[in-house]
Each structure stands twice: as structure tokens, then as C-alpha cells.
Amino acid sequence: MSTSAAAHPTQERLAALRDRLPADGIAFVTDLIDVRWLTGLQSSNALVAVSADAAWLLTDFRYLTAADEAAVDGLEIRIGSDLLGAAAEIAKESGLPKVFLPKEKVTVGEDAKLADLLGDGIERVPSPRYVDALRAVKTEAEVTAIAAAQELADAAFREAILERGIIGRTEREVALDLEFTMRRLGAEAISFDSIIAAGAHGALPHAHPRDVAIPKGELVVIDWGAQLDGYCSDCTRTVATGPVDEKREQVHALVRAAQDASLSAIMPGASGRAVDELARTLIADAGHGDHFGHGLGHGVGLEVHEGPNLSPRSQSTLEVGHIVTVEPGVYLPGEFGVRVEELVAVTPIGPRILTSLPREAAAVS
Ligand code: ZN
Ligand code: ZN
């Protein structure tokens, strides 16, 4: 029922959250990224409370100025040091019988404190993670921001990997170079610790870069991302340091074919499970069913892992505005690993790929 012409993103987002909330309670938003997405406030200590007809932004004195900048009609700012205490007061003032707490986003300690503060009169109700579902659907401005982060990450890859080469440098040196290059090109942060994993080390999906020189004639898994204006990118390429044997070439081609199969199914209405299954079946049919042990992909936004997800257990259905990764992999313990990851936006006519780098294991010096 978003019929009002709420111009400000904060008002639109609060209205969208309200549309999902039962009317007999007040929702506490405690996750700081959720708070940022709702209000624009970047704070290490903040909370948003939302009822059917009002909303409050609570933070401490250090964020007085930033909170003022986040102020819009319909959002009351309260500054103090005890945010949970202030939120409990708001719940009591509202006269509503319930407080909704997003599942898995409230710590045991916070819950115990709230139980104390709210007393018997107000019920604490674990709620769906409403803000997560809203955050998953990106506005055009958000898609643009994520595409810009990916473009920057692509440029850093061209410079640090393709131009400077990686043979003989250690995985750690290459990771630092890639990360420094992203920062120099304007990234405010990296979106996660880079993976640079050569040979058998690449068979670990979450390998940490080592002080080991990258050899010739091997596959190297490179997974990296930039953060720009709060939004993350995420991409993986598996490059070859010179010619590799036929087995490595075949597995690389298989992973790309699996990715193509899933990419072709990225459409509004597609289930996260069905999209995952296409790549998984292809990999299994090639005899590597046991070598693809992670989900196919995840949403990307203010966080590098958010909804929706593409996996055998996914309950997500793709919608226009979702941004997801499609990242099949084959990992052969003791030998090598291959992962190729594309970042795509779901549009009415299918996937829009935000990554501009070739996927082939183009030889890198
Ligand atoms: Zn990645
Ligand atoms: Zn990813």
C-alpha cells in the first residue's frame, strides 16, 4: 500500500517495512546495516523502532550531527547512551502489546535485557527479518552503486593482476597489491578479505593468501571485491599462469558451462533452488558432484552476503532488483580448484551481468 508519494528514500523504506509489520506491535531494528539502509545513518551504536504510525532513530551523542542529517518527517531522533532502555520506553509509551525482534539479529544479552526492561506487559516476538527481504530488492540507484563498485574492482584486477602479472609473487603480495589498487582507485574498503589461491591451495573454497610464490603453469583462484558508497562487489576469476594440462582446462570449461546453464535461468520468478540445480546437475553429470560443496550464489548489497540465496536449500524466488552472484566451483583436493563468479542484476528480461572481465583462464604472466 505504498500509495503516498514519499519522496525521501528513508520515508519510502520505512513505509515498505510498515507494510509488512503486524499492527499490534513495534519492531526494533538492531542490525547496524539495516539501520543504515533504512535511515542513511552510519553508526556503530544505533537502533530504529517502527510502529504502524511512527518511527524513531536512536543513537548516542557521537552521532548527533549525523543523526540530524538523517532526520526526515516521520522519523523522530532520540539521542542517549542506553539505546535498549530508550527503545523499551518507546514501546511502553506506544501502548502496543508486542515488540518484534528480528530472528538471529538480537543477541542473547540484548534479549535478556529487553525482557527485564519490558516486563510482563509487553511480549517479545521473534519476527521474520523484514528488512533483509526489503534490502534484497535494489532500487535503480543501488544497482548503479553496485555496478560502480564492480567496475572499480574490475579495473583493479586488470591493473594488479593482468598488467603487473603474478608469477613469482607471493599470494599475499598479490592480495595486498589488488587491495591497495582498489583503494587507490577510490574504494572506501575491500568488501571481504581477498582470496588468491594457487594450485592445490585453490581447492579450499575459502583459502587465505599464503607467503608462497605463485608458480608457472598453474591455476590460481582470485576472489575479490570493492566497497564503494557502502555497496559491495564480488567476483571470482580463475586464471592460468601459462599453459595448463588438459584436466585443468576441462574442469575450467565445465565450471563455465555450469555457470552459463544457471545464468540462462536467472529470471524474475525463478526459484533459487532451480537456478542452483542447473549448474549442480551439469557438474555432477561430469563426475564432479562431490567437488562442488557450496551454494551457487548469494545476494550482494550493503553486505557482501545477503539475500536472496541460490542453493539446494534456498527458499528464495528471484525478483526484479535482486543482485546475486552465480559462482559454481569444482575443487579437487590436493590438485587444484576452479571457481568463476559473476555478479548479476535480475531484470524483467533476464540477468544483467555487472562484471566486465573475460571468464576464460586467459594466461597471466
Ligand atoms: Zn566472491
Ligand atoms: Zn560470492
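Refer to the structure above for everything that follows.
Source: prediction; values computed, not measured.

Engineer: Whenever I open this one, the pattern of salt bridges confuses me. Can you help?
Structural biologist: Any two side chains of opposite charge can pair if their charged atoms end up close together. The full count for this structure, using the stated rule, is 31 salt bridges. A salt bridge links Lys98 to Asp24; the nearest nitrogen and oxygen atoms lie 2.9 Å apart. Of the two residues, Lys98 sits in strand S5 (residues 98–102) while Asp24 sits in the loop between helix H1 (9–20) and strand S1 (25–29), which places them 74 residues apart along the sequence. A relative accessible area of 24% means that Lys98 is categorised as partly exposed. What makes Asp24 partly exposed here is its relative accessible area of 28%. For Glu360, the salt bridge is made with Arg256, and the minimal N-O distance between the two is 3.9 Å. One end of the pair, Glu360, is in the segment after strand S19 (350–353); the other, Arg256, is in helix H9 (residues 246–263), with 104 residues separating them in the sequence. Take Glu360: its relative accessible area is 41%, and that puts it in the partly exposed class. Assessed through its relative accessible area of 18%, Arg256 is described here as buried. Connected through salt bridges with shared partners, the residues Asp31, Asp34, Glu104, Lys105, Arg129, Asp132, Arg135, Lys138, Glu303 and Glu306 form a single ionic network.

Engineer: Please clarify how the sheet that holds strand S8 (residues 195–198) should be interpreted in this entry.
Structural biologist: Through backbone hydrogen bonds, the strands of a sheet pair up, either in parallel or in antiparallel fashion. One open sheet accounts for three strands, arranged S8-S9-S12; its pairing is antiparallel. Two strands in the sheet have a free side with no partner beyond their single neighbour: S8 and strand S12 (235–240). Direction aside, neighbouring strands of the sheet carry axes that sit 15° apart on average. The pairing of S8 with strand S9 (residues 219–224) spans four bridges and is classified as antiparallel. The residue of S9 that forms the bridge with Ile195 is Asp223.

Engineer: I would appreciate a short explanation of the coordination of the zinc ion (ligand 2) in the present structure.
Structural biologist: Reference values for angles at a metal are 109.5 degrees in the four-donor tetrahedral case and 90 or 180 degrees in the six-donor octahedral case. The coordination sphere of the zinc ion (ligand 2), as far as protein atoms go, consists of Asp234 (OD), His298 (NE2), Glu327 (OE) and Glu341 (OE), spread over 2.1 to 2.2 Å. What the four donor atoms of the zinc ion (ligand 2) show is an angle range of 79 to 152° at the metal, which sorts the shape as irregular. For the pair the zinc ion (ligand 2) and the zinc ion (ligand 1), the metal-to-metal distance amounts to 3.1 Å, and Asp234 bridges them. Note that His298 is positioned in strand S13 (residues 297–299) and Glu327 in the loop between strand S15 (323–326) and strand S16 (329–332), a separation of 29 residues in sequence. The two residues His298 and Glu327 agree in class, both being buried.

Engineer: Would you take a moment to explain the state of the cysteines for this structure?
Structural biologist: Think of a disulfide as a covalent bridge from one cysteine sulfur atom to another cysteine sulfur atom. For the structure on display, the rule yields zero disulfides. Of all cysteine sulfurs, the one in Cys232 lies closest to Cys235, which takes part in no disulfide; the gap is 14 Å.

Engineer: Sorry if this is basic, but what is going on with the coordination of the zinc ion (ligand 1) here?
Structural biologist: Bound to the zinc ion (ligand 1) are the protein donor atoms Asp223 (OD), Asp223 (OD), Asp234 (OD) and Glu341 (OE), situated 2.0 to 2.6 Å from the metal. Geometry at the zinc ion (ligand 1) is irregular, judged from the four donor atoms that bind it and their angles of 54 to 149° at the metal. Considered as a linear motif, the donors of the zinc ion (ligand 1) on their single chain read D-x10-D-x106-E. A relative accessible area of 3% means that Asp234 is categorised as buried.

Engineer: Explain the packing of helix H7 (residues 140–163) against helix H8 (residues 171–184) here, please?
Structural biologist: A pair of packed helices is characterised by two quantities: the angle between their axes and the separation of those axes. Running from amino to carboxyl end, H7 crosses H8 at an angle of 135°, the nearest separation of the two axes being 9 Å. Classified by the angle their axes make, H7 and H8 are oblique. The crossing of H7 and H8 is right-handed. Contact with H7, carried on its side by Leu152, Ala153, Ala156, Phe157, Glu159, Ala160 and Ile161, involves Val174, Asp177, Leu178, Thr181, Met182 and Arg184 of H8 and no other residues of that element. Grouping the constituent residues of the contact of H7 with H8 by class yields nine nonpolar, one polar and three charged.

Engineer: Sorry, what's going on with the side chain of Thr39 here?
Structural biologist: Note that Thr39 resides in helix H2 (residues 32–39). Overall, Thr39 belongs to the buried group, its relative accessible area being 5%. A polar contact of 3.1 Å, which involves the side chain of Thr39, links it to the backbone nitrogen of Leu41. Setting aside chain neighbours within four positions, we find Thr39 in contact with Thr10, Val48, Leu57, Ala70 and Leu75.

Engineer: Please explain the pairing of strand S14 (residues 306–310) as it appears in this structure.
Structural biologist: Here is the key point about a regular strand: its side chains alternate between the two faces of the sheet. Of the pairings in the sheet, the one linking S13 to S14 comprises three bridges and is antiparallel in character. If you follow His298 over to S14, its bridge partner there is Asn309. Between S13 and S14, which pair antiparallel in sequence order, lie six residues.

Engineer: Would you explain the environment of Ala286 in this entry?
Structural biologist: Of note, Ala286 is situated in helix H10 (residues 272–288). A relative accessible area of 42% means that Ala286 is categorised as partly exposed. For the pair Ala286 and Leu254, spaced 32 residues apart in the sequence, the C-alpha separation amounts to 7.9 Å.

Engineer: What exactly am I supposed to notice about the sheet that holds strand S7 (residues 189–190) here?
Structural biologist: Here three strands make up an open sheet; going across it, the order is S7-S10-S11 and the pairing antiparallel. Both outer strands of the open sheet, S7 and strand S11 (231–232), are each paired with one neighbouring strand and no more. Bridge count for strand S10 (residues 226–228) against S11 is two bridges, and the pairing is antiparallel. By the bridge assignment, Leu228 is partnered in S11 with Tyr231.

Thresholds, definitions, all that
- Residues numbered from 1 in each chain as written.
- Chains lettered and ligands numbered in written order.
- Predicted model: local features only at pLDDT ≥ 70, side-chain atom pairs only at ≥ 80, totals over all residues.
- Heavy atoms only, no water.
- Salt bridge = Lys/Arg side-chain N within 4 Å of Asp/Glu carboxyl O.
- Helix = DSSP H or I, 4+ residues; strand = E, 2+ residues; numbered from the N terminus.
- Buried < 20%, exposed > 50% of the residue type's maximum accessible area, 1.4 Å probe, protein only.
- Pairing = 2+ DSSP bridges.
- Axes fitted to C-alpha atoms, helices over the stretch in contact; angles between N-to-C directions.
- Donors = N, O, S within 2.8 Å, 3.2 Å for Na, K, Ca; no water.
- Tetrahedral: all angles 85-135°; square planar, octahedral: opposite > 155°, others 65-115°.
- Disulfide = S-S within 2.5 Å.
- Parallel < 35°, antiparallel > 145°, perpendicular 65-115°, else oblique.
- Left-handed = near helix turned anticlockwise from the far one by under 90°.
- Contact = heavy atoms within 4.5 Å.
- Nonpolar A, V, L, I, M, F, W, Y, C, P; charged D, E, K, R; others polar.
- Polar contact = N/O pair within 3.5 Å; in protein donor to acceptor, adjacent residues only side chain to side chain.

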